[in-house]
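Residue-level listing of the chains:
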Amino acid sequence: AVNGTGLDFADFLLGLPQSNSIRYGSSSTYFRTNSWYAYGQDDWRVSSKLTLNLGLRYEMFQPWQEKYGRIANLDIAPGFTSAVVVTPGMTAPFSGVKDPGLIQSDRNNFAPRTALAWKPWTRRSTVVRLGYGWYYNPGVYNQFMTRLSAQPPFAQSTTVTTTLLNPLTLANGLTVTPAGKTILNTFAVDPLYRDMYAQSWSAAIQTNLSQSWILDMSYLGTKGTRLDEQVNPNPAPPGWPLTSHDRTLICNATSFAYDIPVGNSIYHAGQVRLNRRFRRNMGGNLQYTFAKSIDNSSTLGGAGNSIA
């Protein structure tokens, strides 16, 4: 498309890169957060054969805040038609979020737990166990804090692809700003972010085959909900790559990664274990597991084209 270019190695020899990415700024940040947890549990022995365990946990963990307000996020309009840079102290115009951490706190994190142990026959060793639990991930916000602090206007951060109007070279590649691009942020998080969680359930049967051998058969299932996906909501429609910056949906912004909690996963596993108690100087176990996992979070997707 540009005279004298077209081969990757030739472009390298000529000093004509295809794209550049740069991010730098002050590393002096002061992050802090608050977390609250409450938990109740009770064991109820219904009979000599049946025991129940019931519990409920509540978790409240706020997004990280920077003491001096040196973080920035993007508030995206419905349909990904425009974006606004938001800093602490502002009210996001589209989502209405005004949290100092620029992400709305999720206050609905109730996590029930329950389990059952049942011995069907008094004179036999067979035991049946069932369990179910709900678990949140309080560490999800740790990945956001440093990336939000390394965004304009508190840092220099941009990704640029060469164009006919602004061709990149090794001399100017890290200084070129695309014409008309006023939003140069490279990362943002959905201000209405909801905490990811996993539900886990299990069933197991254990019985003694003899004084030395124990047989365990079990099943485990796990369902992940609202998992992280990072997408590019500002791609250019198909066309000539050297004019891609002029065709983006949000015309005054460059491409950026947008973190949204829309992923899902499911895991199933069956296991058989044969265990020999330590006896006559020998013990051991033999175990076989068959498992299957499906998710749409490992491969990134969502609004617009996916990014790596």
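For the structure, check the block above.
Heads up: these notes are all about the structure in this document. What you see is a predicted model; the values in this text were computed from it and never measured.

1. Examining helix 2 (residues 142-149)
Then, number 1: Those residues of helix 2 that fall on the buried side of the exposure criterion are Phe144, Leu148 and Ser149. End-on view of helix 2: buried residues confined to an arc of 115°, all on one side of the axis.
Then, number 2: The elements touched by buried residues of helix 2 are strand 2 (31-32), strand 6 (73-76), strand 10 (155-161), strand 11 (187-189), strand 13 (213-232) and strand 14 (257-279).

2. Thoughts on the nonpolar core
Then, number 1: One finds Ile103, Tyr141, Phe144, Leu148, Val189 and Tyr193 to be the most contacted residues of the largest nonpolar core, which totals 22 residues.
Then, number 2: At the level of secondary structure, the elements contributing two or more residues to this core comprise strand 9 (127-136), helix 2 and strand 11.
Then, number 3: Beyond its immediate chain neighbours, meaning those up to four positions away, Leu148 contacts Ile71, Ala72, Asn73, Ile103, Phe187, Ala188 and Val189.
Then, number 4: By size, the runner-up hydrophobic cluster in this structure holds 11 residues, among which are Ile183, Ile250, Tyr258 and Ile260.

3. Focus on the pairing of strand 14
Then, number 1: Where strand 11 meets strand 14, three bridges bridge the pair, whose relative direction is parallel. Bridge pairing in strand 14 links Ala188 to Tyr258.
Then, number 2: In this sheet, strand 14 lies alongside strand 13 in antiparallel orientation, the contact comprising 18 bridges. Residue pairing across strands places Gly224 opposite Ser265, the latter belonging to strand 14.
Then, number 3: In this sheet, strand 15 (residues 282-295) lies alongside strand 14 in antiparallel orientation, the contact comprising 13 bridges. Note that in strand 15 the partner of Ile266 across the bridge is Ile294.
Then, number 4: Hairpin connection of strand 14 to strand 15: two residues between the antiparallel strands, including Arg280 at a positive phi of 55°.

4. Some points on the pairing of strand 9
Then, number 1: In terms of strand pairing, strand 8 (residues 110-118) meets strand 9 through six bridges, oriented antiparallel. Considered in strand 9, the bridge of Trp118 is made with Val128.
Then, number 2: Strand direction decides the pairing type here: strand 9 and strand 12 (residues 197-208), joined by 10 bridges, are antiparallel. Counted as the bridge partner of Gly133 is Ser200 from strand 12.

5. Topic: the side chain of Asp259
Then, number 1: By the element assignment, Asp259 lies in strand 14.
Then, number 2: Among buried charged residues, Asp259 stands out as having no salt bridge; its nearest opposite-charge side chain is Arg147, 6.0 Å away.
Then, number 3: Reaching out from Asp259, the side chain makes a polar contact with the side chain of Gln230 at a distance of 3.4 Å.
Then, number 4: If we ignore the near neighbours within four places in the chain, the residues touching Asp259 are Gln143, Phe144, Phe187, Ala188, Val189, Asp190, Tyr193, Asp228, Glu229 and Gln230.

6. Details of the packing of aromatic side chains
Then, number 1: Within the structure shown, the criterion is met by 12 aromatic pairs.
Then, number 2: Each ring, one from Tyr30 and one from Tyr68, has its centre 6.4 Å from the other, and the planes form 90°; the classification is edge-to-face. Separated by 38 residues along the polypeptide, Tyr30 in the loop between strand 1 (19-25) and strand 2 and Tyr68 in the loop between strand 5 (65-66) and strand 6 bring together distant segments of the chain.
Then, number 3: Overall, Tyr30 belongs to the partly exposed group, its relative accessible area being 40%.
Then, number 4: By relative accessible area, Tyr68 is classed as exposed at 52%.
Then, number 5: Among the aromatic side chains, those forming a connected cluster through ring pairs are Phe61, Tyr141, Phe144, Phe187 and Tyr193.
Then, number 6: Positioned above the aromatic ring of Tyr30 is the side chain of Lys67, whose terminal nitrogen or guanidinium carbon lies 4.6 Å from the ring centre.
Then, number 7: Over the aromatic face of Trp121 sits the side chain of Arg124, whose NZ or CZ is 5.1 Å from the ring centroid.

7. Quick look at the environment of Gln104
Then, number 1: As for its position among the elements, Gln104 is in the loop between strand 7 (83-86) and strand 8.
Then, number 2: Look at Gln104 and you get partly exposed, because its relative accessible area is 39%.
Then, number 3: In sequence terms Gln104 and Arg194 are 90 residues apart; their C-alpha atoms lie 8.2 Å from each other.
Then, number 4: In contact with Gln104, other than residues within four places in its own chain, are Val97, Asp99, Pro191, Leu192 and Tyr193.

8. Topic: the environment of Val84
Then, number 1: Summarising the element assignment, Val84 is placed in strand 7.
Then, number 2: Residue Val84 is classed as partly exposed on the basis of its relative accessible area of 28%.
Then, number 3: On a C-alpha basis, the gap between Val84 and Ala253 in space is 9.6 Å, while along the polypeptide they are 169 residues apart.
Then, number 4: Residues in contact with Val84, not counting those within four places in the same chain, are Asn73, Leu74, Asp75, Pro93, Phe94 and Ile183.

Calculation notes
- Residues numbered from 1 in each chain as written.
- Predicted model: local features only at pLDDT ≥ 70, side-chain atom pairs only at ≥ 80, totals over all residues.
- Heavy atoms only, no water.
- Buried < 20%, exposed > 50% of the residue type's maximum accessible area, 1.4 Å probe, protein only.
- Helix = DSSP H or I, 4+ residues; strand = E, 2+ residues; numbered from the N terminus.
- Arc of directions from axis to C-beta.
- Contact = heavy atoms within 4.5 Å.
- Core = buried A, V, L, I, M, F, W, Y, C linked by side-chain atoms within 4.5 Å.
- Pairing = 2+ DSSP bridges.
- Lys, Arg positive; Asp, Glu negative; His and termini not counted.
- Salt bridge = Lys/Arg side-chain N within 4 Å of Asp/Glu carboxyl O.
- Polar contact = N/O pair within 3.5 Å; in protein donor to acceptor, adjacent residues only side chain to side chain.
- Phe/Tyr/Trp six-rings, centres within 6.5 Å; stacked < 30°, edge-to-face > 60°.
- Lys NZ or Arg CZ within 6 Å of the ring centre and 35° of its normal.

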